[in-house]
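Below, each chain spelled out in residue letters.
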Amino acid sequence: MDFHSEQKTIKEIFTSDKKYIIPRFQREYSWTIDELTELWKDILTNIQYLDDRFVTRNYFVGSLVMVGDQSSSNLQVVDGQQRLTSITILFSALVQTYKDLDEEKKANGCYNFIEGKTPDDDSYFRLENKASSDFIKQAIQYEKKEDLIPKKAEEKNLAFAYNFFKKKLKQQDLIEEMNHYTNCGNDKTKENHIRCVTAIRDQVLAFKTIYITEPNEDEAYNIFETLNAKGLDLSMADLIKNQIFKVLKDQHPIDYAKNQWKTLLKNLQERENQIDIKIFMRHFWISKYEHTTEAKIYQSFTKHVSKDNKKNMKLFLDQLVDESEQYKLITSPTTDDWKQQQDLEIYQSLQALSVMRVISPRPLLLSLLEGKKDGRVSLDSIKRAFRAIEEFHFVFSTICSSSASGLESKYSRFARDFRKVKNKQESNKVIKELINDLYEKKPTYDEFQQQFVNKLRFSDSYTKEKKVIQYFFKKMERYYRKSNELDITNISIEHILHQSKKVEEAYSIGNLLPLSQDLNTRCGTKAYFDKVNIYKLSNFKVVNEFVNEYDGRTDWNVKDIRDRSLSLASLAYNEIFKIK
């Protein structure tokens, strides 16, 4: 490496004729309130108040590593992009604050740190992000800001940072903080507000950095990895992305790597339950390559994916994108994903796992869906596997809260076994082994019964298990109907002995029934004998069975609730969730 190092202030960096470009392989802007607060505190704690004026102090805010030489007009930012972006956002907030204070000259002067001019008087943004959308340009850097609604995760982070600094620069907040940190004792006047804003600006400009330039572009990727080894917060997803972009450099006629990476992020972020790329990447990895910790994924990647083969790297990237689409279906299932009647049972199992907040089987589910997609696993086999996983986790995880030690590695092994099968016969063999394995790990009936009776409770003030109870009644309804064809909705929970009785057992599963909202409302606080006539109007088989079993009774008491709780536990364990 032939790098050059020197000390520079933020003012020197943002008044030079350089354009700082955040390259395509860099991660998105990710600063949250913690990092922003730390930067803001660094600013305030370095301002002094001496002889009735604010004085700045030199303060080192970290190193900046650029690709290019000292004479380059464009420099790629290898390290420091999060700080440079945050400082640019702060400059933008300062510009707007000066404008709000009718300080146009100061606003224009501060804007010069955001936008530069070429010798031909052409405008350019001093910081340009090749890895990001145009949101920062339009909503933050542009002098006439556009009022855009942030949609992507990075856009929301950028908007949050801008609003964070804008609030900090408001008159009351800023003067109070300046009085606290500098003991200046300023009154809350417009004049003092302008002085405080200017002190913030000057302190930022006085910050010092170690400014490193490296002329060899290829070394950017090596520096990126070296910095991670030095303890900087770069995830394995950042490092894998770095290697992909290093190998797939071509940007003409299109930037294939960048476009595919955008598609991957879109798949992970477009639904309400946004997916952390590190979680997806690890589940993909242990589903396909080997079971390992997140910290060792990148090391495993370098072993399994050749860094010198463009064709293989493109294939790897394409697989990531394809499986991110499948992963989205697993984590955020919707009926639109499974429109065919024969797929309804898969959707119901995925929805159940989502309700139960079960994550560990995802690598296996990903492998199974890939097998379904390429025809190596039959639809009936997929349903059997999904149903077994669903039933196992209701007993093992949701009710018994059993230790999941070793379960993830087991799922990883089965996932990789599924990827190796060549036909439906081989896949059936692996599925049979999986189901037997889950059955052997199923908790005992005594464990299940105790937890089932104690855990499944619901009242107006205790709703933690509401979704699980509704799910259980849906499974019970399908059991009685002997069919999964109906996707049962509109379940409200009825207390047979009304909860206003303040009897502890009134909240337990043995006292609960599924009803439509209309019938539930009609039941109200009526006596049991009157409620039964309303129950007879229900279309739910669960309610029909209850009426058939308990019809003719004139009362419903605590012993009945306890007995029914035990009866439901037996039905659940031995019939509905039997796994086999």
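Quick caveat, the model's predicted, so the values are computed rather than measured.

1. Overview of the environment of Val 355
At step 1: Mapped onto the elements, Val 355 comes out in helix 15 (residues 344-355).
At step 2: You can call Val 355 partly exposed: its relative accessible area is 24%.
At step 3: Setting aside residues up to four positions removed in sequence, Val 355 forms contacts with Lys 467 and Val 468.

2. Digging into the nonpolar core
At step 1: By size, the foremost hydrophobic cluster in this structure holds 113 residues, and its most contacted members are Ile 244, Phe 316, Phe 394, Phe 448, Phe 452, Phe 472 and Tyr 535.
At step 2: Considering every element that reaches this core, the biggest residue donor is helix 17 (residues 379-399), with 10 residues.
At step 3: Here Phe 316 is in contact with Ile 240, Ile 244, Phe 284, Trp 285, Tyr 289, Phe 301 and Val 305, once residues within four sequence places are set aside.
At step 4: Judged by nonpolar contacts, the second largest core, of 61 residues, contains Tyr 162, Phe 165, Ile 175 and Val 197.

3. Observations regarding the pattern of salt bridges
At step 1: All told, the structure shown has 37 salt bridges when counted by the stated rule.
At step 2: Two residues, Glu 325 and Lys 328, come together in a salt bridge whose shortest N-O distance is 3.1 Å. Here Glu 325 pairs with Lys 328, and both are found in helix 14 (residues 310-331), just 3 residues apart, close to one helical turn.
At step 3: Classification of Glu 325 as partly exposed rests on a relative accessible area of 32%.
At step 4: A relative accessible area of 5% places Lys 328 in the buried class.
At step 5: A network of salt bridges, in which partner residues are shared, links Lys 410, Arg 413, Asp 417, Glu 433 and Asp 437.

Conventions and cut-offs
Residues numbered from 1 in each chain as written. Predicted model: local features only at pLDDT ≥ 70, side-chain atom pairs only at ≥ 80, totals over all residues. Heavy atoms only, no water. Helix = DSSP H or I, 4+ residues; strand = E, 2+ residues; numbered from the N terminus. Buried < 20%, exposed > 50% of the residue type's maximum accessible area, 1.4 Å probe, protein only. Contact = heavy atoms within 4.5 Å. Core = buried A, V, L, I, M, F, W, Y, C linked by side-chain atoms within 4.5 Å. Salt bridge = Lys/Arg side-chain N within 4 Å of Asp/Glu carboxyl O.

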